[in-house]
Amino acid sequence: MLRSLFLFLSGLLVFLSFDAAAQRPGLPSRKVAHPLLLEDAGRELTITEVAAMADRFRRSDNAVAIPGATTSAWWVKFDVENPLDDNLYISIASAGLQEIDLYHESIPGQFSNVSYRAGASGDKQIIQSNMPLLPLHAPPGKQTTYYLRVTGNAVLQLRMEISSIENHLAMQREDDFINGIFYGVLAALMVYNLFAFLTLRDVTYLLYVLYILFSGISTLILNNYILVFFPGAGWLNEMTTGLPGGMLFGVLFTNAFLRVKQHAPRIYRLSAPVLLFILAVPLAAVFIPWPVMYVVLEIAMYVTFAYWLLAGVTVYMKGFRPAVYFLVGFSLLIGLGMVYNMRDNDLLPDNYFTRHSAQLGTALEAIILSWALTSKVNFYKREKEALQRHALEQSSAFSKELIRIQEHERKRIASELHDSVGQQLILIKNRLLMLRNKTQDAEAQSLSVDLSGNVADTIQEIRNISYSLRPYQMDMMGLTQSIQSLADETGDAANIVMETGIDNIDHLFSPENEMNVYRIVQELLNNMVKHAGATRCNLRIHRAVWLIKIIVTDDGVGFTGKNEHGFGLLGIRERVQIMGGQFIIHPDEGAGAALTVNIPISYHEHT
Amino acid sequence: MNTLDILIADDHPIFLKGLREVIESGGNYRVIYQAANGREAVDGVRSKHPDVVILDIDMPQLNGLQAAEEILLTKPEMPIILLTMHKVKDAFMKALEIGILGYVLKENAVVDIIHAIQSVTAGNAYISPEMSTYLLRQKHKTAAGAGDMLATLTPSEFRIIHLVAAYKTSKEIAEELHISEKTVSNHRMNITRKLSLSGKNSLLRFAIEATGGSKTGF
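The structure displayed is predicted, hence computed values, not measured ones.

Some details on the overall build of chain A
Then, number 1: For chain A, the helix and strand inventory stands at 16 helices and 16 strands.
Then, number 2: Scored against the burial criterion, the 607 residues of chain A give a buried share of 48%.
Then, number 3: Residue pairs at least 24 apart in sequence account for 73% of intrachain contacts in chain A once pairs closer than 6 positions are excluded.
Then, number 4: Carbon together with sulfur atoms contributes 60% to the accessible area of chain A, which is approximately 29,900 Å² in total.

Pasting the structure below:
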């Protein structure tokens, strides 16, 4: 599932990047690249003062204006040409936008102003979005100079684009849609792994969920979504909360997933100071002003990256295969982050892929790591299943062996009794009979007759014991006849009308399994006699191509409420299981019980 | 009287030795071959041409029933006596079905064997008295449909069937009914034809199944 999601997402983006020339309405979007910048450290300059200081503006080295982490207000100066009578808007994308004021000289000496304030409903003309859209009111057919004043509380990177309102809205809708997919994927992975945590109680999953949660929050901050949708949650909109959270759980996740403690104990020792450092960042942010904190945050980030890389590579070198997932996910995060950066600097074309590569990096990393975790679940599952199968096989083999030994022992005792004791007694009886014929002594004759009677009784007892241990018919007349006799005798002995219909099932099974079949029938009939209180019983054995079907029905009290795990039934179940068959107790239909045993015929079995 | 050549097969040497002594002390009998298992017995019959074959039912390689079946395949008229320690009905019925004439309980062998040899050489069935007593004492069910078939018999045929079921020989039946042995065998043939019975000892087997063993004296 994750694999296909991964391929789908990357495929979708690569495909869309070729489709970037999709027609949008209105004037095509134009970036404000390398604009003129002016820092207002005291945040006190007015538009008239700024307009007079034209020579103090400096051209930005970067295509995107990067005032960076700053407490100053920044002024941006640019020209806009409105060739047609288009309704032009400027979009400003940056993290932590607080105040935006847009000025242009509408009448000479008079500046009209559009202003935006974070979290406030602001001017009715402003379109609240993660990228605020401000109307330019550009007069048609000429070039107009604009001044933009911006303050922020995060790393200001002003991506500004000018286009008709239709074009802006179409683009933003597409962006929102794609972002929706990314956040949807992240949310799904979080829920999935949270359940994995709840099921498996493996803290790695929880750490993963928290890592993704904070990484997600960080990208939400960067994309300005939090400001739009949670304007009150100022604390949440702080990079000093989101990013250290992601790094903290990232490090913990790394330790848990890669088992750094076992695989690379030396590197593991570094994790404590790293974690302390990361934890110190949000605390320090309370006291230390933002521009300094930005440097601290950067350092913390690189330290964390270094730790991840070091741990990943070392553990992989130690031969822990899953580390490859970790490294691939991490590389994607970095690599796609770089793509995003290169697009900002005009080194890569602006298309879906480059515009969303940062989120894509996060999402792909999340998917790959989740994938790794899933294979970990599967690994556990397979291991557990293998163990269970092994245990089952063992117990089956054990009971098979037990039954085999039991039958063997019975046979041994039976033949011992029959062949040795029985034969001796037969000899004795024959000699007594000879003695009676030879002697003329009446007393000796009657004594020998008495004695031979006693011996005959003993022989009969030996016979009974021997028959109960092992049916003599099995070797002599085959399985079918043995079962027929068994049914007849059972019926006679219990005074039950026994109806039988037994197909020839000789030579279908190994001698061992023939005995199992016999014992199953014996136990079925014994149960019926003991518990059913029946007057009629029907025993059918059908032979089909691949199985034999043993059906016993009676008119007794039935099985309702009976213990289905009695010793006799247990014995049947065990023997049925050994032969890979089924034992079915049919629900009572009116009076009596109905039991079916299906036993597959294995033609490979040596008979 | 000519000397009868006898083959005996049993895997218990002591019993075999004792049995041989009893047989040879009985008069004109000579044991020409002793087999220790069923296979040897079948081969012995082929090479030694005995007049009577005595087989133990429990033997290695081929058991008594299997050996008898093979022997009767090539020599259908061969009188065979089965020695057995099994006092059970199914093995007995099986023996009759195969066409074995004598069924002797091992425990009574010294007493019964000479009678058995005499009986089977005359072409009659022989069953150890203890065995027939045992079978008669057992409860029997009447086989389904047999009752209707019995109804088609004449009163004298009906009487004969019951005597056959009581393991009486033709001679004994003749004595009991005060008729000639020839008449008895005529009656037997008529019954067999009437009921379309076929196979070895078919009348005896039918009589046992149909009458449920004769319990009332006739």
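What to know about the overall build of chain B
Then, number 1: Across its full length, chain B holds 11 helices and 6 strands.
Then, number 2: Put simply, chain B has 218 residues, and 53% of those count as buried.
Then, number 3: Across chain B, every contact between residues at least 6 apart in sequence was considered, and the portion connecting residues at least 24 apart equals 65%.
Then, number 4: Working note: accessible area of chain B is about 9,600 Å², and carbon and sulfur atoms make up 52% of it.

Here's the deal with the interface of chain A and chain B
Accessible area lost upon the coming together of the parts serves often as the stated size of an interface.
Then, number 1: With 27 residues of chain A at the interface, the matching set in chain B holds 24 residues.
Then, number 2: Roughly 2,400 Å² is buried in total at the junction of chain A and chain B, and carbon and sulfur atoms are behind 57% of that figure.
Then, number 3: If you look at where chain A meets chain B, you find 3 salt bridges.
Then, number 4: One salt bridge in this structure joins K429 of chain A and E107 of chain B, with 2.9 Å as the shortest N-O distance.
Then, number 5: At the junction of chain A and chain B, the tally comes to 14 residue pairs in polar contact (both at pLDDT 80 or more).
Then, number 6: Elements with a contribution of two residues or more to the side of chain A that touches chain B: helix 12 (357-438), helix 13 (442-469) and helix 14 (473-494) of chain A.

Quick notes on the sheet that holds strand 2 (residues 36-40) of chain A
Residues and elements named next belong to chain A.
Then, number 1: Here we have 6 strands laid out as an open sheet, ordered 3-2-5-10-7-8, and antiparallel in their pairing. With partners counted over all chains shown, the strands left at the sheet margins are strand 3 (58-59) and strand 8 (110-117), one partner each.
Then, number 2: Of the strand pairs in this sheet, strand 5 (residues 73-82) and strand 10 (residues 142-152) are connected by 9 bridges, and their pairing is antiparallel. Within strand 10, the position partnered with D79 by the bridge is T145.

Some details on unusual backbone geometry
All names here are of chain A.
Then, number 1: One non-glycine residue, H137, lies in the positive phi region at around 50°.
Then, number 2: Along the polypeptide, H137 turns up in the loop between strand 9 (133-135) and strand 10.
Then, number 3: Since its relative accessible area comes to 41%, H137 is described here as partly exposed.

Observations concerning the sheet that holds strand 4 (residues 80-84) of chain B
Residue and element names in this part refer to chain B.
Then, number 1: Read across the open sheet, the 6 strands follow the order 2-1-3-4-5-6; overall the sheet is parallel. In this open sheet, the two strands that pair with only one neighbour each are strand 2 (29-35) and strand 6 (126-127).
Then, number 2: Pairing of strand 1 (residues 4-9) with strand 3 (residues 52-56), which is carried by 4 bridges, proceeds in the parallel orientation. Along strand 3, the bridge assignment pairs L7 with V53.
Then, number 3: On the sheet, helix 2 (residues 38-48) packs against strand 1, strand 2 and strand 3 and is oriented at approximately 135° with respect to strand 2.

Examining the packing of aromatic side chains
Then, number 1: Tallying each qualifying case throughout the model produces 16 aromatic pairs over all chains.
Then, number 2: With 6.2 Å between their ring centres and 45° between their planes, F57 of chain A and Y147 of chain A make a pair best called tilted. With F57 of chain A in the loop between helix 2 (47-52) and strand 3 and Y147 of chain A in strand 10, this pair connects stretches of sequence that are 90 residues apart. The two residues F57 of chain A and Y147 of chain A agree in class, both being buried.
Then, number 3: When the centroid spacing of 5.7 Å and the interplanar angle of 90° are considered together, the rings of Y211 of chain A and W308 of chain A count as edge-to-face. Residue Y211 of chain A is located in helix 4 (residues 203-222), and its partner W308 of chain A is located in helix 9 (residues 290-317); the two are separated by 97 residues in the primary sequence. The same class applies to Y211 of chain A and to W308 of chain A, which are both buried.
Then, number 4: What links up through ring pairs into an aromatic cluster is the set Y211, Y302, F305, W308 and F330 of chain A.
Then, number 5: One Lys or Arg, K106 of chain B, reaches over the ring of F15 of chain B and ends 4.8 Å from the middle of that ring.

A look at the nonpolar core
In summary, soluble globular proteins display a tendency toward joint burial of nonpolar side chains.
Then, number 1: Y208 and L258 of chain A are the most contacted members of the largest nonpolar core, which has 59 residues in total.
Then, number 2: The set of elements that each furnish at least two residues to this core consists of helix 3 (165-200), helix 4, helix 5 (225-229), helix 6 (239-258), helix 8 (265-287), helix 9, helix 10 (323-344) and helix 12 of chain A.
Then, number 3: The contacts of Y208 of chain A, once residues within four sequence positions are left out, are L189, N193, F253, A366, I367, L369, S370 and L373 of chain A.
Then, number 4: L82, I98, I191 and I208 of chain B belong to the second-largest nonpolar core, a separate cluster that totals 56 residues.

Observations concerning a nonpolar patch on the surface
Then, number 1: A grouping of V191, L194, F195 and L198 of chain A is seen on the molecular surface, where their side chains present a nonpolar patch of about 360 Å² in accessible area.
Then, number 2: Look at V191 of chain A and you get partly exposed, because its relative accessible area is 45%.

Regarding the packing of helix 3 of chain A against helix 4 of chain A
Residue and element names in this part refer to chain A.
Then, number 1: Contact pair helix 3 / helix 4: the axes reach a minimum separation of 8 Å and the direction vectors enclose 160°. As judged from the angle between their axes, helix 3 and helix 4 are roughly antiparallel. Here the hand of the crossing between helix 3 and helix 4 comes out left-handed. Residues Y183, L186, L189, M190, N193, L194, A196, F197 and L200 of helix 3 lie in contact with helix 4, whose contacting residues are V203, Y205, L206, Y208, V209, I212, L213, G216, T219 and L220.
Then, number 2: Of the residues in the contact of helix 3 with helix 4, the class split is 16 nonpolar, 3 polar and no charged.

Remarks on the pattern of salt bridges
Then, number 1: In total, this model carries 18 salt bridges over all chains according to the counting rule given.
Then, number 2: R410 of chain A serves as the salt-bridge partner of E407 of chain A, at 3.9 Å between the closest nitrogen and oxygen. With E407 of chain A and R410 of chain A both in helix 12 and 3 residues apart, this pair spans about one turn of that helix.
Then, number 3: With a relative accessible area of 10%, E407 of chain A lands in the buried category.
Then, number 4: Its relative accessible area of 24% is what places R410 of chain A among the partly exposed residues.
Then, number 5: Its salt-bridge partner being E407 of chain A, residue R575 of chain A comes within 3.3 Å of it at the nearest N-O pair. With a gap of 168 residues between them, R575 of chain A in helix 16 (residues 567-578) and E407 of chain A in helix 12 connect regions that are remote in the sequence.
Then, number 6: Counted as one network, the salt bridges with shared partners bring together K429 and R463 of chain A together with K87, E107 and E130 of chain B.

Considerations on helix 15 (residues 511-532) of chain A
Then, number 1: The end-to-end C-alpha separation of helix 15 of chain A is 31 Å, in line with the 32 Å expected for 22 residues at 1.5 Å each.
Then, number 2: In the stretch just after helix 15 of chain A, G533 of chain A is the one whose phi turns positive, near 60°.

So, the environment of E365 of chain A
Residues and elements named next belong to chain A.
Then, number 1: Residue position: E365 is located in helix 12.
Then, number 2: Among the residues examined, E365 registers a relative accessible area of 5% and is labelled buried.
Then, number 3: For the pair E365 and L327, spaced 38 residues apart in the sequence, the C-alpha separation amounts to 9.5 Å.
Then, number 4: Once residues within four sequence positions are removed from consideration, E365 is found in contact with Y211, G329, F330 and L333.

What counts, and where the lines are drawn
Residues numbered from 1 in each chain as written. Chains lettered and ligands numbered in written order. Predicted model: local features only at pLDDT ≥ 70, side-chain atom pairs only at ≥ 80, totals over all residues. Heavy atoms only, no water. Helix = DSSP H or I, 4+ residues; strand = E, 2+ residues; numbered from the N terminus. Buried < 20%, exposed > 50% of the residue type's maximum accessible area, 1.4 Å probe, protein only. Contact = heavy atoms within 4.5 Å. Areas by Shrake-Rupley, 256 points an atom, 1.4 Å probe, with all protein chains shown as cover. Buried area = accessible area lost by both parts, 1.4 Å probe. Salt bridge = Lys/Arg side-chain N within 4 Å of Asp/Glu carboxyl O. Polar contact = N/O pair within 3.5 Å; in protein donor to acceptor, adjacent residues only side chain to side chain. Pairing = 2+ DSSP bridges. Axes fitted to C-alpha atoms, helices over the stretch in contact; angles between N-to-C directions. Phe/Tyr/Trp six-rings, centres within 6.5 Å; stacked < 30°, edge-to-face > 60°. Lys NZ or Arg CZ within 6 Å of the ring centre and 35° of its normal. Core = buried A, V, L, I, M, F, W, Y, C linked by side-chain atoms within 4.5 Å. Patch = residues over 30% accessible without salt bridge, like charges linked within 9 Å, V, L, I, M, F, W, Y side chains within 5 Å. Parallel < 35°, antiparallel > 145°, perpendicular 65-115°, else oblique. Left-handed = near helix turned anticlockwise from the far one by under 90°. Nonpolar A, V, L, I, M, F, W, Y, C, P; charged D, E, K, R; others polar. Expected span 1.5 Å × (residues − 1).

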